[in-house]
Structure formats: structure tokens, C-alpha cells
Amino acid sequence: MELSREELGQLQKNAAAFMHEKRFTPPCIMSGHPVDHVLRGIFCKVKNFSTITKVVSVNGGTKRAFLIYRYPLSWVHSVTDNLQRWACGRPSTKPFRRATWQKSFVPKSTIPVIDLGPGFEGLVAMEYVPNFNLWDMLQGNAKKLTYDQLRPILFKVIDAVNAMHAQGQSWGELIANNIILHEDSLEPVICDTEVEYWKRTPLKTRKMFDFRDLVFSICGASKLPPVLKESLAGELFARIQDRDTKALLATYCSKRRSVGQVIFWQGLGGCLSCSWDDYNAIKRAIVAAWDRS
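The name given to the chain in an unreviewed UniProt entry is Protein kinase domain-containing protein.

Trainee: Even after reading the chapter, I still don't get the side chain of Glu-173, so can you show me in this structure?
Mentor: You can see Glu-173 is positioned in the loop between α5 (147–166) and β9 (179–182). Of the residues examined, Glu-173 reaches a relative accessible area of 9% and is grouped as buried. At 2.6 Å, the side chain of Glu-173 and the side chain of Arg-85 are in polar contact. At 3.4 Å, the side chain of Glu-173 forms a polar contact with the side chain of Arg-90. Apart from the residues within four sequence positions on either side, Glu-173 is in contact with Arg-85, Arg-90, Lys-94, Asn-178, Val-195, Asp-213 and Cys-271.

Trainee: Looking at this structure, how should I read the pattern of salt bridges?
Mentor: Should their charged atoms come close, side chains of opposite charge can pair. Using the criterion set out here, one finds 15 salt bridges in the structure. Of the charged contacts in the structure, one is a salt bridge between Arg-85 and Glu-173, with a shortest N-O distance of 2.6 Å. With a gap of 88 residues between them, Arg-85 in helix α2 (residues 74–87) and Glu-173 in the loop between α5 and β9 connect regions that are remote in the sequence. The exposure class of Arg-85 is buried, given its relative accessible area of 0%. With its nearest N and O atoms 3.3 Å apart, the salt bridge here joins Glu-194 to Lys-94. Residue Glu-194 is located in the loop between β10 (188–190) and β11 (196–197), and its partner Lys-94 is located in the loop between β5 (92–93) and α3 (98–108); the two are separated by 100 residues in the primary sequence. Owing to a relative accessible area of 2%, Glu-194 belongs among the buried residues under this scheme. Here the residues in one salt-bridge network are Asp-81, Arg-85, Arg-90, Glu-173, Arg-212 and Asp-213, joined through shared partners.

Trainee: Just to check I follow, could you spell out the domain arrangement of the chain for this structure?
Mentor: Accessible area lost when the parts come together is the quantity often used to give the size of an interface. Domain boundaries in the chain define domain 1 (5–127) and domain 2 (131–292). Between domain 1 and domain 2, the residue contacts involve 31 residues of the former and 35 residues of the latter. Three residues stand out in domain 1 for area buried against domain 2, namely Arg-90, Pro-91 and Lys-108, and they jointly supply 26% of the buried area on that side. Note that Arg-70 is salt-bridged to Glu-194, the shortest N-O span being 3.6 Å.

Trainee: Is there a simple way to explain the sheet that holds strand β3 (residues 52–58) in this structure?
Mentor: Paired through their backbone hydrogen bonds, the strands of a sheet run either parallel or antiparallel. Pairing in this open sheet of four strands is antiparallel, and the strands run β3-β4-β7-β6 from one edge to the other. The two strands at the open ends of the sheet, each matched to only one other strand, are β3 and β6 (113–114). Here five bridges tie strand β4 (residues 63–69) to strand β7 (residues 123–127), and the two strands are oriented antiparallel to one another. Across the sheet, the residue bridging to Ala-65 is Glu-127, located in β7. Sitting on the sheet, helix α1 (residues 5–21) touches β3, β4, β6 and β7, and the angle it makes with β3 is about 150 degrees. On top of the sheet, α3 reaches β4, β6 and β7; it is set at about 25 degrees to β7, its chief contact.

Cut-offs and rules
- Residues numbered from 1 in each chain as written.
- Predicted model: local features only at pLDDT ≥ 70, side-chain atom pairs only at ≥ 80, totals over all residues.
- Heavy atoms only, no water.
- Helix = DSSP H or I, 4+ residues; strand = E, 2+ residues; numbered from the N terminus.
- Buried < 20%, exposed > 50% of the residue type's maximum accessible area, 1.4 Å probe, protein only.
- Polar contact = N/O pair within 3.5 Å; in protein donor to acceptor, adjacent residues only side chain to side chain.
- Contact = heavy atoms within 4.5 Å.
- Salt bridge = Lys/Arg side-chain N within 4 Å of Asp/Glu carboxyl O.
- Domains from an automatic or database assignment.
- Buried area = accessible area lost by both parts, 1.4 Å probe.
- Pairing = 2+ DSSP bridges.
- Axes fitted to C-alpha atoms, helices over the stretch in contact; angles between N-to-C directions.

Printed below as a string of C-alpha cells:
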């Protein structure tokens, strides 16, 4: 999205006002912040925790931008979230410092970022992409697609991750909530760049956790009848191209929960959109699919 000097000035003004309004936002550790959307509350009910978002219009509404603000007290959520990650054996972390978050956001973002200039620490602006969040699609309240219609889209998501991994890249927290689909084409776009794997984490482990997060969160969030979560898990697992990644994920799923996963289940289950029973069923389905392969 190209902006004239006047349009950029309007966006900067809106961004500064947004930061001022939300500067004292308390950390939302349990409930989360609603992700802003032009159809908020109708087709978009997904939430975020360490950032606040807002859709703003410039030039009389002819152009829209999406603001993501890492509010000052968001570090509290990072502390609790990282504790849960460590206890559950997830080799990834959220940054504490807003400057670190902002510095790592730009190069990883799959949507071009708009340069607002100095004075906007903790805030990123990008072109607003008309979209449906994948989590909302799976919950059944967006676009009203049947499973047969959504199934090839889910395969496209898996294929996109396969392509990313083939290039030696990984994501960090590849859950359904962090994937949007273009409103018209329904092409997937991976978003939410803030989670990073620990630097010394082997690529094979990163790839396994990417698919662990993706498969479990898709199946956990799905409320599309009449498909069973176990059947869906088997189909998605079979779509993974790298056999070593599949073997590692199957091995992970064959193990019992750790003490940390039991203690911090509310955080882990919430992240993966899984109930206790769903989590167990998906694990069994992945192990069974591997045994059949």
C-alpha cells in the first residue's frame, strides 16, 4: 500500500492517538484482547494476549491500515507465557522488551510493514488485508464453509509450512489463530511473528513443534460436523512431506504428558484450542497414522 505524505501523516496521527489511549492497558493473561477486524464480533472472535490491534482508515476510508501495539505492561504476559512454555517443554519464547519485539517483527512479517518513522516504539503498522482468521473458520462462525469446502484450504496451509521448512525456515507459534485467509481467494497467510525458538534449537525440532502446534490447534478448534478430530489429525499428518519430521512428531505424541504439561495445562490447552480429551485423541491419531505409513 503506497501512501502519500498527507495519508502517512493521517496514519501517524491515528497511531499516536491509539498508543496514547492504550498506554495503561493492564495485562490480559487469561481473557485476551479481541483482534480488531472490520467485521469484529460477526465473523471475527479470535483474541490476542500480548498485543492490542486496531483497524484505522486514511484518506476518507479509501485505504485501511492494521495497527499492532505491544503495550507497556505486555511484559507481564511474556513472563507468565514463557514460564508455561519452559515447563511444558516448548523451546520458544516471547520477547520481554518492546524494542526487541519490534525489531524482530519487521523482517519476519509476511505482510509488508509501513514505516511510520521515529516515535512509535512498540507499534507496527501494515496494510489491512481483508481476511477471515482460520480459528474463526474452524469454529464455524466465518464464511459458513462446510468441511468439504474447507478441507483443501487446510491442505494448502500444511503445504505452505512444508514449503517454508524446505527453505530451512521455521515459525515459532504456528497455531490456527496465527493464520489468516484472504477474504476472496482464501489463500493462507501466516502472521503473528513475536514467538521465536531458542537459538540453539535444532531445525528438526523447530519443524516438529511447528507442525505440533498447527495440527493440534486446527483439530482442537474445529467444530465442523461431521468430521472427527482424529480423522482430521490423520489427514493433516499424512500431508507433512518431511518423513523425519513426521517420525519426530509421532514419537512426541507417543509419550505421556510431562508434569509441567499437567500443571500448566490451561495455558497449553488454550494455546492449542484443545480440551484434555481432544489432546489425547489427537495424539493417538497421529501415532496410528505413523504406524500405518
